[in-house]
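Below, each chain spelled out in residue letters.
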Amino acid sequence: MNSKIKGMIVGVVVLVCLGITLAVLTLTGKPDTSDSSSGGADTSGIKDELTQDEETIALTELDKNSISKLTFTNESGSFTIERTEEAKGEAPAKWTFTELSGVKQNDTFVNACVNIASSLKGRQLVEENAPDLAKYGLKEPKASLTITADGQSDITFNIGIEIATGGYYYICKQGSSDVYTVLGANAGYFFEDALYFCSNSLVATPADNAWPTIERLTIKRQDLDYEMVFVTVPEDEIPVGMSSNQALIEPVYQFLNITASAGVTHGIWGLSASEAVVLHPTDEDKEKYGLTEPFAKVILDTDDTDYTLSVGSPVYALNEEGEETTTVSGYYCYLNAEDTDCIYIIPAASCPWATVVPGDIIIGMMTSNLFVDLDKISIEGKDKSFDIDIYAQEDSNKDDDIDDHIYEVKIDGSEVNVELFQSWYVYWLECPTNETYFVPLTGDEELYLTIKITLENGKEQVVEFYEATNRRLIAVIDGKVGYMIPTSYADTLLTNVQRIIDGQEMITTY
């Protein structure tokens with residue numbers, strides 16, 4: 001167990017034992033993590049206004065809100081941007097990319113197309129009344145753009161080849177032989193296909209006060225013979241000092257290390273892709289990308305919206321020669337959510353569900369019961385057994401607002417030193433849980449040690465240790481296999497109970 005977790009455990013137990021009230025940091029919905037992705041394609045350098053040179057020639061001069069439709073054709077097909085809402089007051093009109101029905105669009109790119117079309121500018125007039133448009137690639141243009149605007153006749157522009165110096169394309173108005181150059185940064189939009197205009201932001205990040213409650217999160221993976229299941233724990237059942245409201249309940253019950261677990265429990269919100277791959281995928285498409293029988297499936301049930309994320313085949317990073325390496329850079333994924341009917345690539349760093357195992361995110365405490373809540377502990381080993389009773393009453397001599405208790409501990413009916421027993425309980429909470437183990441028992445294992453903890457509210461927790469191999473024990477918590485621990489730890493645990501009876505200090509090594 002790492003030092004940070006051990007420090008937290010010691011701090012919680014000792015402070016509670018002293019009766020000091022701890023401030024509790026709770027996660028009520030929003031994860032303690034920052035979302036650095038804004039979604040959508042890289043829009044750096046894209047402005048609301050047309051990219052242009054200092055000296056330009058106006059090819060169109062239209063009010064952008066008057067544009068009702070853009071149609072552009074290129075080698076990928078024909079695509080349409082249509083106005084869905086007219087301008088109202090200071091609110092501008094809105095447009096949608098028709099071929100992206102059922103898939104979120106990148107509004108920045110769509111609006112850029114409208115801006116460009118409304119104020120299309122040429123850099124220079126290359127040739128007036130050119131007799132040979134073919135040499136500019138305009139006889140069989142690489143792309144064409146038709147602009148439909150209120151009260152105007154349709155205007156069509158043909159876009160030809162890139163000029164030799166680069167950065168510009170030849171362009172002419174259909175029906176005219178005047179050839180101009182136009183910035184490639186502007187013309188380039190009309191060479192793209194529908195996938196380019198997809199938004200890569202799949203699920204919005206909720207407002208701070210509007211995070212849904214996780215009712216159940218299930219992760220199923222082909223490389224694991226168990227499922228990971230998480231739930232939100234009622235606030236009155238969360239131990240003091242726990243910073244996450246979520247707990248793992250399968251394959252073992254454990255609270256979470258919020259630093260490591262937030263991306264797993266809350267990562268669907270704010271989820272972004274790096275690329276859209278297939279719009280409106282068919283069954284054949286899903287099979288091609290490993291999504292018919294996905295490697296991983298994430299099922300998130302909330303009090304608001306439910307999500308299912310299927311994680312398919314991996315995407316491998318390329319080396320400098322463009323060859324695939326063994327490094328996984330992302331996964332082909334399909335998200336069952338509103339307007340995400342598309343196969344996307346989700347970066348590996350944003351897809352923890354494909355690799356996470358319980359040991360990565362749990363706090364690793366065998367039990368999280370506070371000392372102040374204890375009533376009885378029974379310990380039964382092969383050759384020794386102990387019955388421990390813990391009594392507590394409020395200190396009537398305290399004259400401040402701090403809740404303090406006077407404790408009395410008896411082992412097998414005889415009173416023992418309370419501080420020694422508190423040290424023993426801290427040692428128990430620090431039980432080494434760095435090796436998770438979820439293989440079901442065969443029934444042939446021999447029981448080595450049983451610890452039953454009874455709380456003042458009547459709840460019980462039973463931890464059983466069964467003999468394994470290499471001087472290790474299998475820990476079973478309330479019937480669920482969870483960890484492998486050294487046999488030497490269990491032996492020292494028993495030895496320390498006897499040392500309490502004898503009034504001796506704890507042995508802290510094993």
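Look a little higher up for the structure.
Residues numbered from 1 in each chain as written. Predicted model: local features only at pLDDT ≥ 70, side-chain atom pairs only at ≥ 80, totals over all residues. Heavy atoms only, no water.

### Let's talk about the environment of isoleucine 453
Inference 1: Relative to the assigned elements, isoleucine 453 resides in strand E25 (residues 447-455).
Inference 2: With a relative accessible area of 1%, isoleucine 453 lands in the buried category.
Inference 3: For the pair formed by isoleucine 453 and aspartate 375, sequence separation is 78 residues and the distance between their alpha carbons is 7.8 Å.
Inference 4: Discounting residues that sit within four places of it in the chain, isoleucine 453 has contacts with Thr367, Asn369, Leu374, Lys376, Ile377, Trp428, Lys459, Glu460 and Gln461. (Helix = DSSP H or I, 4+ residues; strand = E, 2+ residues; numbered from the N terminus. Buried < 20%, exposed > 50% of the residue type's maximum accessible area, 1.4 Å probe, protein only. Contact = heavy atoms within 4.5 Å.)

### Quick word on the side chain of serine 261
Inference 1: Note on placement: serine 261 falls in helix H4 (residues 258-266).
Inference 2: The class of serine 261 is buried, set by a relative accessible area of 2%.
Inference 3: Residues within four places of serine 261 in sequence aside, it is in contact with Leu256 and Ile361.

### Quick look at the sheet that holds strand E8 (residues 155-162)
Inference 1: Taken together, the eight strands give an open sheet; going across it, the order is E4-E3-E2-E7-E8-E9-E10-E6, and neighbouring strands pair in antiparallel fashion. Each edge of the open sheet carries a strand with a single partner, namely strand E4 (94-97) and strand E6 (125-127). The mean inter-strand angle of the sheet, taken between neighbouring strand axes irrespective of direction, is 30°.
Inference 2: By the bridge criterion, four bridges tie E8 to strand E9 (residues 168-173) in an arrangement that is antiparallel. Of the residues in E9, the one forming a bridge with glutamate 162 is tyrosine 169.
Inference 3: Helix H2 (residues 107-118) rests against strand E2 (67-74), strand E3 (77-85), E4 and strand E7 (143-149) of the sheet, and its axis sits at about 100° to E2. (Pairing = 2+ DSSP bridges. Axes fitted to C-alpha atoms, helices over the stretch in contact; angles between N-to-C directions.)

### Some thoughts on H2
Inference 1: In this model, H2 (12 residues) spans 16 Å end to end at C-alpha, consistent with the 16 Å of a helix rising 1.5 Å per residue.
Inference 2: Of all 12 residues making up H2, nine are buried, and the element is well covered by its neighbours.
Inference 3: By the burial criterion, the buried members of H2 are Phe109, Val110, Ala112, Cys113, Val114, Asn115, Ile116, Ala117 and Ser118.
Inference 4: If you follow the buried residues of H2, they end up packed against E2, E3, E4, E7 and helix H3 (184-187).
Inference 5: The backbone nitrogen of threonine 108 has a side-chain oxygen 3.0 Å away, supplied by the residue at the start of H2, namely asparagine 106. (Expected span 1.5 Å × (residues − 1). Polar contact = N/O pair within 3.5 Å; in protein donor to acceptor, adjacent residues only side chain to side chain.)

### Quick look at the sheet that holds strand E14 (residues 254-255)
In a beta sheet, neighbouring strands are held together by backbone hydrogen bonds and run either parallel or antiparallel to one another.
Inference 1: Read from one edge of the open sheet, nine strands run E14-E13-E12-E11-E16-E17-E18-E19-E15, paired in antiparallel fashion. In this open sheet, the two strands that pair with only one neighbour each are E14 and strand E15 (275-279).
Inference 2: The pairing of strand E17 (residues 307-318) with strand E18 (residues 324-336) spans eight bridges and is classified as antiparallel. Paired with leucine 318 across the bridge in E18 is glutamate 324.
Inference 3: Here H4 sits on the sheet and contacts strand E11 (214-221), strand E12 (228-232) and strand E13 (246-250); the angle it forms with E11, its principal contact strand, is near 90°.

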